Amino acid sequence: MTALKNDRFLRALLKQPVDVTPVWMMRQAGRYLPEYRATRAKAGDFVSLMKNPELACEVTIQPLDRYPQLDAAILFSDILTIPDAMGQGLYFETGEGPRFRKVIGSMADIEALPIPDAEQDLGYVMEAVRTIRRELNGRVPLIGFSGSPWTLATYMVEGGSSKDFRKSKAMLYDNPQAMHALLDKLAASITVYLNGQIKAGAQAVQIFDSWGGALSAAAYQEFSLAYMKKIVDGLIREHDGRRVPVILFTKGGGLWLESLADSGAEALGLDWTCDIGSARARVGAKVALQGNMDPAVLYAKPAAIRAEVARILAAYGAGSGHVFNLGHGITPEVDPAHAGAFFEAVHELSAQYHR
C-alpha cells in the first residue's frame, strides 16, 4: 500500500506528537455539499449511491478536494448495511428516514438471522474501501465504521428510527434473553464486517453507538458497552505494518467515560454536551478524545465558529491525543464555506498547543 503523506490523525489517536490538531467531520461527505447532491442525483437514490463503489468513492473524496485541511477520509456508507445483509430489507421513505421490510419481534426471528460474510454479502462495501484507498493514494488515512450492536438492534426491532425505543426497551426488559441473543449475533456480524474493512484498507475504525445514550446507566453497561467491548476484543489491531486504532462514540455517553476508557479502544468520541477538558481529566492518558463542537455552531458566522474552536482547543489544552470533530454529524443546511472556516480555524489555532 502507498505510504501515508499525512498521518497526523492516526498519530493523534495513538497520542503521539503532531504539529497541529487533526480534524475531520462526521457526515463530511453529505447533503450540505452541492457536489454530493449532484452525485446522489446521478445515482438515483441513497441506497443506489451507497451500493455503487465508484460513486461511493467519488463522494468520499469530494470533501477532501474542497477542504485541503481535512486529515482523514471516512468511508461513504450507512450503519444499516449489516441488518440489510441479514435480510431485513432496508429502504428509505422520503422524509421519514430508513425503514425495514422485516421487523424483529421474537427469538425465532433472531435465530433465523444469518451472520453476513464481509466479501460475499457486503462486497460492495469492501470494494468501495479498496477503491477509495487506491484513489486516495496516501493523501490521508481512511476510516471504516459500523453502528453499535445496540443501535442496530433498535432499528431492527422498531422497523426504523424511533423517538422512544418502546419496542426495543420492552424486549430488553421483558425478554432480556432475546435481546442478548440479538446483540450477540450483531456483535459477531460487526466484528466480521469491520475486520473485512480493515483487510480491504481501512486504517482506523469507528463504532457509532448513536442510541446508547437512551439507556439507563445499568442497561448501557449490559446491553451496549459489553457488546462493543466484545467487538474491540475481536478486531484486527495491526495491519499494513501499522496499529489500526478503534474509536467508540456513544452519543449521550458522557456519564460513562471511565467505563468506555476501559473498553480497549484507542479513542472515545464525545458529543457537545460533555466538556472536553473535564473528559480529559477523567480518562487521563488512557485514551485519545475526539470531538466535540456542537454541529449547530456551523450556522453561525465564521468569527463565532473560530471563537468556539478556540474555546474547545483551550479546554483540551496542550499535547496530543485530541482529534477535532463535531459532537455529531454536520446538518444538510450548513453553508459549505462555514465548514471551511471551521477546518481552517482548527489547524491555525491549534499549532500553539503542539510546540
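Residues numbered from 1 in each chain as written. Predicted model: local features only at pLDDT ≥ 70, side-chain atom pairs only at ≥ 80, totals over all residues. Heavy atoms only, no water.

### A closer look at the sheet that holds strand β8 (residues 246–250)
Here is step 1 of the chain: Taking strand neighbours across the sheet as the criterion, the seven strands line up as β1-β4-β5-β8-β9-β10-β11 in an open arrangement whose pairing is parallel. Only two strands of the sheet have a single neighbouring strand rather than two, namely β1 (73–74) and β11 (322–326).
Here is step 2 of the chain: Across the sheet, helix α15 (residues 302–316) is in contact with β10 (288–293) and β11; its angle to β10 comes to roughly 155 degrees. (Pairing = 2+ DSSP bridges. Helix = DSSP H or I, 4+ residues; strand = E, 2+ residues; numbered from the N terminus. Contact = heavy atoms within 4.5 Å. Axes fitted to C-alpha atoms, helices over the stretch in contact; angles between N-to-C directions.)

### Overview of the UniProt feature "binding site: substrate" (unreviewed entry) in the chain
Here is step 1 of the chain: Here, the residues flagged by UniProt with the feature "binding site: substrate" (unreviewed entry) are Arg27, Gln28, Ala29, Gly30, Arg31, Asp78, Tyr155, Ser210 and His328. The greatest C-alpha distance among the annotated residues, which extend across 302 residues, is 23.2 Å, indicating that they are dispersed rather than converging on a single site.
Here is step 2 of the chain: Relative to the helices and strands, Arg27 is located in the loop between α1 (8–13) and α2 (34–43).
Here is step 3 of the chain: Residue class for Arg27 comes out partly exposed when judged on its relative accessible area of 46%.
Here is step 4 of the chain: Discounting chain neighbours no more than four positions away, the residues touching Arg27 are Tyr32, His328, Gly329 and Ile330.
Here is step 5 of the chain: Structurally, Ala29 is set in the loop between α1 and α2. (UniProt positions renumbered as here; feature names shortened; annotations may be inferred. Buried < 20%, exposed > 50% of the residue type's maximum accessible area, 1.4 Å probe, protein only.)

### Here's the deal with the side chain of Ser77
Here is step 1 of the chain: As for its position among the elements, Ser77 is in the loop between β1 and α5 (81–88).
Here is step 2 of the chain: Those residues within four positions of Ser77 in sequence are excluded, and the remaining contacts are Phe46, Met50, Val125, Phe145 and Tyr193.

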